Amino acid sequence: MTYCRRCRIIINSESTTHCPLCDQILIHHDSSENPETLFYEWGNLKKAHEHPSFWHIPMPISSKKVINTIFDFLMMGAFSAILIVLTVSIYAGNPYHLDIYIPIVSLFYSIVMLAIIRFYRFSLGAQWLMLLNTALFLIGIDLKNKVIEWSTSSGLLIIFGGVGPFLILQILWRYLKIKGLNMIAFIFLAISIALLSLDASLNGGVRLQGWSLFTFSTLLFFALLFLHLHYIAKIRVNFVPILQTKRDKGKDKL
Amino acid sequence: MHEFRPLTYQLDNTALIYQALVSKKESHFFRIAINLHKPVVIEHLQEALLRTLPRYPIFRTSLKRGLFWSYLEENFHYPRIQKDSQLAMGHNILRKHAYPFRLVVYGNRIALETTHLIVDGRSASQFLQTILCEYVALHGTLLTEDKNIIRAHTPFEEEEIADAYKSLLVVHHALPKPKKRSGQAFREPHRNKHPFGVNLIQYRLPLDKTMSLAKSYGVSVTVLLTAFYIASYQDRMFLLPPEHRFRRPIRVNNPVDLRQFFPSKSLRNFIGFISHEIDPRLGIFSFKEILEQVHHTMKRDLIDKHFHSFIGQNLRSEHIPFVAFIPLFMKRMILKRIHAKSMKQETSVLSNLGKFYLPEDVANYVRDVEFIPAPKYINKRDCSVVSFKNTLTLSISRTCLPNELEQFLYERLKEAELNPIVNSFHGYQD
């Protein structure tokens, strides 16, 4: 008879080397050691009401939370308003010209962004929502100010072509069962598409320069190679357990 | 060649709501735990589980999702006992070959976590009783036959897996609709913990003292404890800011085992609810007044006619032909909304499992029994009661951090000279 110190259970068979519950290596002790006496301290009930923490009543609204929310709000609002007003006014060719509607719209934009971050906490859905929100904001400015044409020229390209592929990559990473060479292929594809769309946006959404086409073609070649290795040659490598063990090792060091 | 097709079971009326609620993270498990005098011998327990499981076909299943309905399919996967690591109450039951229950062990404690997808509290306790009897028999104790306990070798009856609601009501179309509840009830205003987790406070009371106190008031133990619970909710309302203080009624539900009214051997869900309400907007209720309110509501509603209308309504909604053609994902969305709405109409639930019965030979092995309710995401708090030998264990699981209500309840119980031993710790200890 032996016992697991971690789970505090008895294991009858002497031949067992690992605990069936926690996989801990079992050390076979002397027969004189009795698990019931070893674990006796745990048997006593902990009296919660004798501890002061039981009687602690927290404040209904903590000052820390209030200050944090105000600072978040102010920082986001001020930052996005300044950034947007500056970029739009520089783009319009007059750095000192300020329209009244732009700060109001940008304030509304920052409130929506703040709400998304607060409620969705940077989840995948929140990232999509933020992209959509930004795109709508740009389209809104374009509709109001017919000179700018920011969204049609480069804004939407950057948003959906430059950032979108990486979000799709995240979805694939979450839902694909085998994450091996196919994931490398998808990473290459995402990078190549993102670079292509960024290049297009830099040139006003029409012409492409040679470098992006070159990177696209080379990365596409590698991507197809890895896809072939994974899906047709069926060389299945799974990175998830390897990554997890590395993460666990990091935890141990900490 | 003949292909093997596993058996499937239709979900019952209560389970239909729960199949909509379960997800990868939320499994709505309640827990019945037994503390033994000695540490658990793992091989014996595994053997006991393997012996018991074929006797309970409804436990030997896994939840499957079809296009229009969820269903339970026979599961022949090897059931594994797990380590009791934390009080998260559940695991991903949508996983392939996952059982809708789990047996977790730590030290002297054997805990069964299961859900209303398959059984109610009474049936779950019967399952645990069988496992424990087999476990004790494997220790070498000769057990005599007991009519109240289902053993692994007891012959199986077809009625045990039947849907008791449906067998009860054949003419449910003719029944009147139940009276509508009046609006939302008071709920714990604190937010849920993030990341999500469950906190537990347990009160261990002497059963004889509690019973004598209930007798002195001329009420049952359930009524007495419900009155304490409602009174502490009323106390908790005083902590709110004045504009929010007494804006909604307090409504506490008691689940009732319907087998006492409609004799049935079904081991699946068969529960009804009795709702107790006080409205502090009308004035502050004294404990005596609350006790009388609860007592008379219980007396009025604890008859079979009260439950007929609720069951009839639930079954009627199940049989609308249009509903059958709605895809499952849309059904789940609708059912989630319905569940959230009904949750907002109640403050909390106090469920009394009653006396946990074990044969005397088996009871000698057991120190005490705990019954912990499933975490509630909207109401934040739930309460359950079980008694064994001379200990009555009252457990409150909550999903928010502050514990004002528990403090008030402790003071109320102390005031009534029940001397509770409060235990805030149940789970893993290093």
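Residues numbered from 1 in each chain as written. Chains lettered and ligands numbered in written order. Predicted model: local features only at pLDDT ≥ 70, side-chain atom pairs only at ≥ 80, totals over all residues. Heavy atoms only, no water.

1. A few points about the overall build of chain B
When helices and strands are counted, chain B shows 12 helices and 15 strands. In terms of overall dimensions, chain B is globule-like: its C-alpha atoms have a radius of gyration of 21 Å, near the 22 Å expected for 430 residues. Considered along the principal axes of its C-alpha atoms, chain B spans approximately 75 × 55 × 40 Å. Pairs at least 24 residues apart make up 77% of the contacts formed inside chain B by residues separated by at least 6 positions. For chain B, the computed accessible surface area is about 19200 Å², with 56% contributed by carbon and sulfur atoms. (Helix = DSSP H or I, 4+ residues; strand = E, 2+ residues; numbered from the N terminus. Rg over C-alpha atoms; globule rule 2.2 N^0.38 Å. Contact = heavy atoms within 4.5 Å. Areas by Shrake-Rupley, 256 points an atom, 1.4 Å probe, with all protein chains shown as cover.)

2. Things to note about the sheet that holds strand β5 (residues 82–83) of chain B
In sheet architecture, strand pairing relies on hydrogen bonds along the backbone and comes in two forms, parallel and antiparallel. Residue and element names in this part refer to chain B. Within the open sheet, the five strands sit side by side as β5-β6-β7-β2-β12. Their pairing is mixed. Strands with a single pairing partner mark the edges of an open sheet, and in this sheet they are β5 and β12 (366–372). Note: strand β6 (residues 101–106) against strand β7 (residues 109–115), six bridges, orientation antiparallel. Opposite arginine 102, over in β7, you have glutamate 113 as the bridge partner. Along the sheet, helix α3 (residues 121–138) makes contact with β2 (29–36), β6, β7 and β12, crossing β2 at roughly 30°. (Pairing = 2+ DSSP bridges. Axes fitted to C-alpha atoms, helices over the stretch in contact; angles between N-to-C directions.)

3. Let's talk about a nonpolar patch on the surface
Taken together, the side chains of B:Phe329, B:Met330, B:Met333, B:Ile334 and B:Ile338 make up a nonpolar region of the molecular surface, amounting to roughly 500 Å² of accessible area. Assignment of secondary structure puts B:Met330 in helix α10 (residues 328–344). (Patch = residues over 30% accessible without salt bridge, like charges linked within 9 Å, V, L, I, M, F, W, Y side chains within 5 Å. Salt bridge = Lys/Arg side-chain N within 4 Å of Asp/Glu carboxyl O.)

4. Re the domain arrangement of chain A
Residues and elements named next belong to chain A. Domain assignment breaks chain A into domain 1 (2–50), domain 2 (63–148) and domain 3 (155–254). With nine residues of domain 2 at the interface, the matching set in domain 3 holds 11 residues. When domain 2 packs against domain 3, the two sides together hide about 900 Å² of surface, and 85% of this comes from carbon and sulfur. By the criterion of area lost to domain 3, the three top residues of domain 2 are Leu124, Trp128 and Leu131, representing 63% of everything that side buries. Summed over the shared surface of domain 2 and domain 3, the number is zero salt bridges. Counting across the domain 2 and domain 3 interface gives zero residue pairs in polar contact (both at pLDDT 80 or more). Its residues placed into classes, the side of domain 2 that touches domain 3 shows seven nonpolar, two polar and no charged. (Domains from an automatic or database assignment. Buried area = accessible area lost by both parts, 1.4 Å probe. Polar contact = N/O pair within 3.5 Å; in protein donor to acceptor, adjacent residues only side chain to side chain. Nonpolar A, V, L, I, M, F, W, Y, C, P; charged D, E, K, R; others polar.)

5. Considerations on the domain arrangement of chain B
Residues and elements named next belong to chain B. Taken domain by domain, chain B holds domain 1 (8–156) and domain 2 (179–326 + 339–349 + 375–423). Distance between the C-alpha centres of domain 1 and domain 2: 25 Å. Here domain 1 packs against domain 2, burying approximately 2100 Å² in sum over the two surfaces, 54% of which is carbon and sulfur. Our count for the domain 1 to domain 2 interface comes out at three salt bridges. With its nearest N and O atoms 3.9 Å apart, the salt bridge here joins aspartate 12 to arginine 268. Between domain 1 and domain 2 we count 10 residue pairs in polar contact (both at pLDDT 80 or more) in total.

6. Thoughts on the confidence of the model for chain A
Residues and elements named next belong to chain A. Of all residues in chain A, 67% have pLDDT values of 70 or greater, and the mean over the chain is 74. Across chain A, helix α8 (residues 210–232) holds the top mean pLDDT of 89, while helix α2 (residues 40–43) sits lowest at 49. Between residues 41–45, whose pLDDT stays under 50, and residues either more than four places distant or in other chains, the model counts 10 contacts. (pLDDT = per-residue confidence, 0-100.)

7. Topic: the sheet that holds strand β4 (residues 70–74) of chain B
Residues and elements named next belong to chain B. Here we have three strands laid out as an open sheet, ordered β1-β4-β3, and antiparallel in their pairing. Edge positions in the open sheet fall to β1 (8–10) and β3 (61–65), since each of these has one partner strand only. Taken pair by pair, the neighbouring strands of this sheet meet at an average axis angle of 35°, ignoring direction. Strand direction decides the pairing type here: β1 and β4, joined by three bridges, are antiparallel. Residue tyrosine 9 lies in a different strand from β4, and its bridge partner there is leucine 72.

8. Points about helix α7 (residues 181–202) of chain A
In an α-helix there are 3.6 residues to a turn, and that puts residues three or four apart on one side. The terminal C-alpha atoms of α7(A) lie 32 Å apart, and with 22 residues this matches the ideal 32 Å at 1.5 Å per residue to within 8%. Looking only at α7(A), the buried set comprises A:Leu181, A:Asn182, A:Met183, A:Ala185, A:Phe186, A:Ala190, A:Ser192, A:Ala194, A:Ser197, A:Asp199, A:Ala200 and A:Ser201. (Expected span 1.5 Å × (residues − 1). Buried < 20%, exposed > 50% of the residue type's maximum accessible area, 1.4 Å probe, protein only.)

9. Topic: helix α6 (residues 150–175) of chain A
Residue and element names in this part refer to chain A. Relative to the 38 Å expected for 26 residues at 1.5 Å per residue, α6 spans 35 Å between its end C-alpha atoms, a close match to the ideal helical length. Considering bend angle alone, the principal kink of α6 is centred on glycine 164 and spans about 45°; proline proline 165 follows within four residues of it. Those residues of α6 lying buried are Ser151, Ser153, Ser154, Gly155, Ile159, Gly161, Gly162, Gly164, Pro165, Leu167 and Leu169. (Bend = angle between axes of the 7 residues up to and from the residue.)

10. Here we look at the nonpolar core
If you look at the biggest cluster of nonpolar residues, it comprises 68 residues, and the most contacted ones within it are A:Ile9, B:Ile32, B:Leu45, B:Phe59, B:Leu103, B:Phe127 and B:Phe356. Considering every element that reaches this core, the biggest residue donor is α3(B), with eight residues. Non-local contacts of B:Phe59, meaning those with residues more than four positions away in its chain, are made with B:Leu53, B:Tyr99, B:Pro100, B:Phe101, B:Thr114, B:Ile118, B:Val119, B:Ala124 and B:Phe127. With 53 residues, the next largest nonpolar core counts B:Ala214, B:Met237, B:Ile250 and B:Leu315 among its residues. (Core = buried A, V, L, I, M, F, W, Y, C linked by side-chain atoms within 4.5 Å.)

11. Considering the pairing of strand β11 (residues 348–355) of chain B
Residues and elements named next belong to chain B. Relative to β11, strand β9 (residues 250–257) runs parallel, the two sharing two bridges. Residue pairing for β11: asparagine 253 is matched across the bridge by valine 349. Here four bridges tie β11 to strand β13 (residues 381–388), and the two strands are oriented parallel to one another. Looking at the pairing, serine 351 lines up with serine 384 of β13.

12. Some thoughts on empty space enclosed by the protein
Residues and elements named next belong to chain B. By the definition in use, this model includes one cavity of 30 Å³ or more. Roughly 50 Å³ of internal volume is contained in the largest cavity. If you go around the largest cavity, the residues you meet are Cys133, Leu143, Thr144, Glu145, Asp146, Ile149, Arg151 and Pro359. (1 Å grid on protein atoms, 1.4 Å probe; cavity = no way out; pocket = protein on both sides within 12 Å on 5 of 7 lines; lining within 4 Å. Points joined across faces, edges and corners; volume = space filled by probe spheres on them.)

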